[in-house]
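Structure assessment
One-letter residues, chain by chain:
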Amino acid sequence: MTHSINDPIVETRGLEMRFSLPTHFLSRKKPVLHALSGVDIQIQKGETFCVVGESGCGKTTLGRAIMGLLTPSSGEIYFRGERIDTMDEAERKPIRADMQMVFQNPYASLNPRRNVFQTLAEPIRYLMPEKSGADVRAQVEAVLDATGCDQSWQRKLPHEFSGGQRQRIAIARALVTNPAFIVADEPISALDVSIQAQILNLLNDLQDERGLTYMFITHDLSVVEHFGDRVAVMYLGQVMELATTDAIYRDPKHPYTQLLLAAIPRLEGGSFDAPREPGELPDPVNPPPGCPFAPRCPIAQNICRSERPLLRELETSGTMAACHFAE
Amino acid sequence: MALLDVTDLHVAFPRGKKGEVEALRGVDLTLEKGQRLGVVGESGAGKSMLAFAILNLIADPGRVTQGSVTFDGQNLLELSERQIRRIRGNRISMIFQDPMVTLNPVLTIGKQMIETLKAHRSISTREARRLSIEKLNLVAIPSAASRMDAYPHELSGGLRQRVVIAIALLTDPELIIADEPTTALDVTIQAEIMSLILRLCRDNDVALILITHDLGVVAEVTERLMIMYAGKCVETGRTRDIIDAPKHPYAVGLLKALPQNSAKGAKLYQIPGSMPPITNLPTGCPYHPRCERSTDKCRAAMPPLEHGVACFHPMHENGARDDAEAAQ
Ligand SMILES: Nc1ncnc2c1ncn2[C@@H]1O[C@H](COP(=O)(O)OP(=O)(O)O)[C@@H](O)[C@H]1O
Ligand SMILES: Nc1ncnc2c1ncn2[C@@H]1O[C@H](COP(=O)(O)OP(=O)(O)O)[C@@H](O)[C@H]1O
Ligand code: SF4
Ligand SMILES: [Mg+2]
Ligand SMILES: [Mg+2]
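All figures in this text were calculated on a predicted structure; none of them were measured in a lab.

**Describing the overall build of chain B**
The helix and strand tally for chain B stands at 12 helices and 10 strands. Taking 20 Å as the expected radius of gyration for a compact globule of 328 residues, we find that chain B reaches 21 Å, a close match to that expectation. Considering only C-alpha atoms, chain B reaches an extent of 65 × 50 × 40 Å along its principal axes. Looking at chain B as a whole, 53% of its 328 residues qualify as buried. If you sum the accessible surface of chain B, you get close to 14300 Å²; carbon and sulfur atoms cover 49% of it. The centroid of the 38 positive side-chain charges in chain B is displaced by 4 Å from the centroid of its 38 negative side-chain charges.

Put into structure tokens, the structure is as follows:
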């Protein structure tokens, strides 16, 4: 994989996303849900940047904000050095072809009434209106070949396909405009094991052929280990640890990362023998004042319950961790 | 005598005017007291059908067309609804993927637990309450006594599943059937719940049928394993033996396809195609269209389950044990 370190393709600075929730009938205060609380990431060209964490930690929100499907409450987002979060739809249109998203649920993400050709032609017609009908057809054919879809699928509707085939079609749709950057939001979570391998191999091959950059969102740590170059571990809207995949698995620095890794069921067995404390995510409407992980953290001290630790580079390694005691 | 003995179980659904399709096509299974069995397979393989059929819970229009389910000497498929109620939810408990299948949203946790107990035991409300709190403590629910007054929606998904486990344990069952109990939960919560189920079964000598698609979970929790494909058991045996030396090409493929079994960045082993729907099964071995080892024989006839594997050309022909013995 090729990295040029000072050339991030995507960057977020202090990204915050707050959702206002409906007011409770007993209260006057409008509750605010903190989905992202200051996220700074840089995704390098050509890498697979994984985002992991348990449900509700903000992975999808981060992906959607980068794609411009959500407007951040504050903070900045850059694509190839250009600020994009303040752009309106017309300004954004030229770069939309360059960034695409693959969604988790291949059953919900395809329009049931559009055949495969219509599904794949639509982004070209919308984002590349200069293309002729012949160009569109050629581009659709090429992307079907590239993603291992049969040309005979063009006239078929989504219900005629299995989950794995639909996810191939969703990947083809994301690729049809030749993007440089793809957000893949849990693209294999809904698929069976034997199909997961097919889709991971496809994503890997496409990256090699086209030099794609991936932001790969997942909760499956064994996939990250195999597939990722770098990982951001998120918890309650914050990045807790950011490091190369090798470093995360060899020497996890954040207590939350350590908890996550210890939770992976192993083919060797034996790691579920000891009792585990019940742990719960804090309420994102009333996040704890200090470290969001403090209520579950085995090494938390008073400072953890009052001061939020910032993501900082540790001296001993290149790892970044947001923990008062990580070293 | 085994605790549970399932023989040649078939489940079918009507299709078209007179036809039927089979979701289970002759499954055998034996479970000893206190034994933990994992049932693994891709979605649609028939895992849930097996669980429901064991409990004689197949809903119309589906039905058990053949076979027997012998629990402690009685064929559950021949019992009256009244008789089976004394076993189901009492001597055999169930845990489902969605805790809300078990929990009633309009009742407090305490009320549900007390009612469940009183339905099966002639005890006072007071005693039922005491036992319920005891079980909530057993599944490590924080401040258990006060949770008795909580409604299900006031608890997180992980805590709800713990309550379901507490309810499953109320009647001190001999067998628990858990159908994907942690599939909807996060990994850290899954680890908590599975470690809890493992220890509770082991410490109290409770047998377990654990249905999951996760081979890692099965390796952590179960002693025996059954791998299902298209309504049939294709391989069964000791969990350790199968994971270390699978014999059926499908089991081999499933294990090889896991990212943890490939070098980093290398191409993953992939099984081509996908499992056929039960409405469109191939002739012969149901796995042959995807199988690397298939021959004309596989396309013509269904391989019988012999020595724990239903395949004409299994890997490790003599089995892991024999290989190890031969090496000595
Ligand atoms: N449109 C929305 N309105 C209100 N809350 C939302 C909305 N979208 C997401 N959330 C909340 O934001 C948090 C992060 O959600 P999400 O990004 O979907 O997490 P993940 O993808 O990591 O599971 C969750 O608490 C979720 O309930
Ligand atoms: N009501 C039904 N009518 C017809 N077929 C059904 C019905 N319910 C389930 N099936 C079929 O039975 C097969 C086995 O289903 P199931 O046991 O739920 O699979 P698993 O739990 O392994 O994912 C599937 O092919 C499914 O489509
Ligand atoms: S019987 Fe034949 S087709 Fe079926 S799994 Fe064995 S080798 Fe493959
Ligand atoms: Mg998500
Ligand atoms: Mg099922």
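**Re the pairing of strand β9 (residues 224-229) of chain B**
Residue and element names in this part refer to chain B. Across the six residues of β9, five count as buried, placing the element largely inside the fold. Two strands pair when backbone bridges link them, and strand β3 (residues 36-40) and β9 are joined in this way by four bridges, in the parallel orientation. When the bridges of β9 are listed, V39 appears paired with M226. Across six bridges, β9 lies against strand β10 (residues 232-238) in antiparallel orientation.

**Considerations on the site of ligand 2**
Residues and elements named next belong to chain B. Lining the immediate surroundings of ligand 2 are F13, A23, E42, S43, G44, A45, G46, K47, S48, M49 and I278. At 2.8 Å, a side-chain N or O of S48 approaches an oxygen atom of ligand 2. Contact with the protein chains removes 63% of the 570 Å² of surface that ligand 2 exposes when unbound. Ranked by residue count, the leading element in the shell around ligand 2 is helix α1 (residues 47-54), at three residues. A per-class count over the shell around ligand 2 returns five nonpolar, four polar and two charged.

**Details of the sheet that holds strand β4 (residues 74-79) of chain A**
Residues and elements named next belong to chain A. Spatially, four strands are ordered β2-β1-β4-β5 in an open sheet, and the strand pairing comes out antiparallel. Two strands lie at the open edges of the sheet, namely β2 (32-44) and β5 (82-83), each paired on one side alone. Two strands pair when backbone bridges link them, and β4 and β5 are joined in this way by two bridges, in the antiparallel orientation. Bridge assignment links F79 to a residue of β5, and that residue is E82.

**Points about the sheet that holds β9 of chain B**
Residue and element names in this part refer to chain B. As summarised here, the arrangement of the six strands in space is β6-β7-β8-β3-β9-β10, forming an open sheet in which the pairing is mixed. At either margin of the open sheet sits one strand with a lone partner, and together these are β6 (92-95) and β10. Within the sheet, the average angular offset between the axes of one strand and its neighbour, ignoring direction, is 15 degrees. Across the sheet, α1 is in contact with β3, β7 (175-179), β8 (207-212) and β9; its angle to β8 comes to roughly 150 degrees.

**Quick look at a nonpolar patch on the surface**
Residue and element names in this part refer to chain A. Side chains of I299, I303 and F325 sit close together on the surface and give an oily, nonpolar patch of about 230 Å² of accessible area. The topology assignment puts F325 in the segment after β12 (320-321). A residue is classified by how much of its surface remains accessible, and F325, at 37% relative accessible area, is partly exposed.

**Observations concerning the domain arrangement of chain B**
Residue and element names in this part refer to chain B. Looking at the assigned domains, one finds that chain B contains domain 1 (4-91 + 171-327) and domain 2 (92-170). Each of domain 1 and domain 2 was reduced to a C-alpha centroid, and the two centroids are 29 Å apart. Summed over both sides, the interface of domain 1 with domain 2 buries roughly 2200 Å², with 65% coming from carbon and sulfur. For the domain 1 face of the interface with domain 2, the top three residues by lost area are T171, L196 and L200, together amounting to 25%. Between domain 1 and domain 2 we count two salt bridges in total. Taken together, the elements giving at least two residues each to the side of domain 1 that touches domain 2 come down to β7 and α7 (187-204). When residues of the side of domain 1 that touches domain 2 are assigned to their parent elements, the largest contribution, six residues, is made by α7.

**Focus on the packing of helix α4 (residues 125-138) of chain B against helix α6 (residues 157-169) of chain B**
Residues and elements named next belong to chain B. At their nearest, the axes of α4 and α6 sit 9 Å apart, and the two run at 130 degrees to each other. Here α4 lies oblique to α6, going by the angle between them. By crossing handedness, the relation of α4 to α6 is classed as right-handed. Across the interface between the two elements, K135, L136 and L138 of α4 pack against V163, A166 and L169 of α6.

Quick notes on the rules
Residues numbered from 1 in each chain as written. Chains lettered and ligands numbered in written order. Predicted model: local features only at pLDDT ≥ 70, side-chain atom pairs only at ≥ 80, totals over all residues. Heavy atoms only, no water. Helix = DSSP H or I, 4+ residues; strand = E, 2+ residues; numbered from the N terminus. Rg over C-alpha atoms; globule rule 2.2 N^0.38 Å. Buried < 20%, exposed > 50% of the residue type's maximum accessible area, 1.4 Å probe, protein only. Areas by Shrake-Rupley, 256 points an atom, 1.4 Å probe, with all protein chains shown as cover. Lys, Arg positive; Asp, Glu negative; His and termini not counted. Charge placed at Lys NZ, Arg CZ, Asp CG, Glu CD. Pairing = 2+ DSSP bridges. Near = heavy atom within 4 Å. Polar contact = N/O pair within 3.5 Å; in protein donor to acceptor, adjacent residues only side chain to side chain. Nonpolar A, V, L, I, M, F, W, Y, C, P; charged D, E, K, R; others polar. Axes fitted to C-alpha atoms, helices over the stretch in contact; angles between N-to-C directions. Contact = heavy atoms within 4.5 Å. Patch = residues over 30% accessible without salt bridge, like charges linked within 9 Å, V, L, I, M, F, W, Y side chains within 5 Å. Salt bridge = Lys/Arg side-chain N within 4 Å of Asp/Glu carboxyl O. Domains from an automatic or database assignment. Buried area = accessible area lost by both parts, 1.4 Å probe. Parallel < 35°, antiparallel > 145°, perpendicular 65-115°, else oblique. Left-handed = near helix turned anticlockwise from the far one by under 90°.

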